[in-house]
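What follows is each chain in one-letter form.
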Amino acid sequence: MFDNLNWWEIGLILLVALLIFGDRLPQMISDGLRMVRNLRNMARNATSDLSRELGTDIQLEDLHPKAFIRKHLLSEEDEVALRKPLQGMYDDLRTDVGGVRDELRDVAASANPRSSAAKPSVPAARPASAPAAPAAPAVRSVDVDAT
């Protein structure tokens, strides 16, 4: 929780808390800890009551609707049968996006003015009567991730 704070910042926070709450700070800390304990007990009681009513072992993570259906209503064969058509479409889409990504990289590499392959070694001389061509916008390399 305090991964990005160093000891000085934590000490400063405690000092500010002490200045704001004064001598009530220990009571505030104990009230907060008591509230966290009560919330944990309430969650534990709710899951045990639900497990008892449904007749299965339910954990708190199982209360998400997708996880509940996957664990208690679908067999592994049913889940594989549901995923099979979507997995084929996903694989096809991933290969198509990978091809597009590679083509975009090739185009960006060939259009990159900083690339030594795109720059001619000796610039070609323009006739004096020819107007200067507008500069082409810079092409940025785009990295597309299909996952």
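Residues numbered from 1 in each chain as written. Predicted model: local features only at pLDDT ≥ 70, side-chain atom pairs only at ≥ 80, totals over all residues. Heavy atoms only, no water.

## Structural notes on the overall build of the chain
- Regarding its fold elements, the chain presents four helices and zero strands.
- The secondary structure elements of the chain, listed N-terminal to C-terminal, are α-α-α-α.
- Taken across its 147 residues, the chain has 5% of its residues classed as buried.
- Counting only contacts in the chain whose residues sit at least 6 apart along the sequence, the fraction spanning at least 24 positions is 28%.
- Accessible area for the chain stands at about 13200 Å²; split by element, carbon and sulfur atoms hold 62% of it. (Helix = DSSP H or I, 4+ residues; strand = E, 2+ residues; numbered from the N terminus. Buried < 20%, exposed > 50% of the residue type's maximum accessible area, 1.4 Å probe, protein only. Contact = heavy atoms within 4.5 Å. Areas by Shrake-Rupley, 256 points an atom, 1.4 Å probe, with all protein chains shown as cover.)

## Some remarks on helix α2 (residues 25-54)
- Here α2 spans 44 Å end to end across 30 residues, near enough to the 44 Å set by a 1.5 Å rise per residue.
- All buried positions along α2 are accounted for by Leu25, Thr47 and Ser51.
- Looking at the buried side of α2, the elements it contacts are α1 (7-21).
- Gly55 occupies a position one or two residues after α2 and carries a positive phi of about 80°. (Expected span 1.5 Å × (residues − 1).)

## Observations regarding α1
- Between its first and last C-alpha atoms α1 spans 21 Å; for 15 residues at 1.5 Å apiece the expected length is 21 Å, and the two agree.
- The distance from a side-chain oxygen at the start of α1 to the backbone nitrogen of Trp8 is 3.2 Å, and the residue carrying that oxygen is Asn6.
- Looking one or two places after α1, you find Gly22, whose phi comes out positive at around 65°. (Polar contact = N/O pair within 3.5 Å; in protein donor to acceptor, adjacent residues only side chain to side chain.)

## Let's talk about a nonpolar patch on the surface
- Taken together, the side chains of Leu12, Leu15, Val16, Leu18, Leu19 and Ile20 present a nonpolar region at the surface, about 600 Å² in accessible area.
- The topology assignment puts Val16 in helix α1. (Patch = residues over 30% accessible without salt bridge, like charges linked within 9 Å, V, L, I, M, F, W, Y side chains within 5 Å. Salt bridge = Lys/Arg side-chain N within 4 Å of Asp/Glu carboxyl O.)

## A short note on the pattern of salt bridges
- Overall, the coordinates contain three salt bridges when judged by the stated rule.
- Among the salt bridges present, the one from Arg52 reaches Asp49, with a minimum N-O distance of 2.4 Å. Of this pair, Arg52 and Asp49 both sit in helix α2, three residues apart, roughly one helical turn.
- Residue Asp49 is classed as partly exposed on the basis of its relative accessible area of 36%.

## Re the confidence of the model for the chain
- On average, the chain scores 76 in pLDDT, and the residues at 70 or more come to 74%.
- In the model, residues 121-128 has pLDDT below 50 throughout and makes three contacts with residues more than four positions away in sequence or in other chains. (pLDDT = per-residue confidence, 0-100.)

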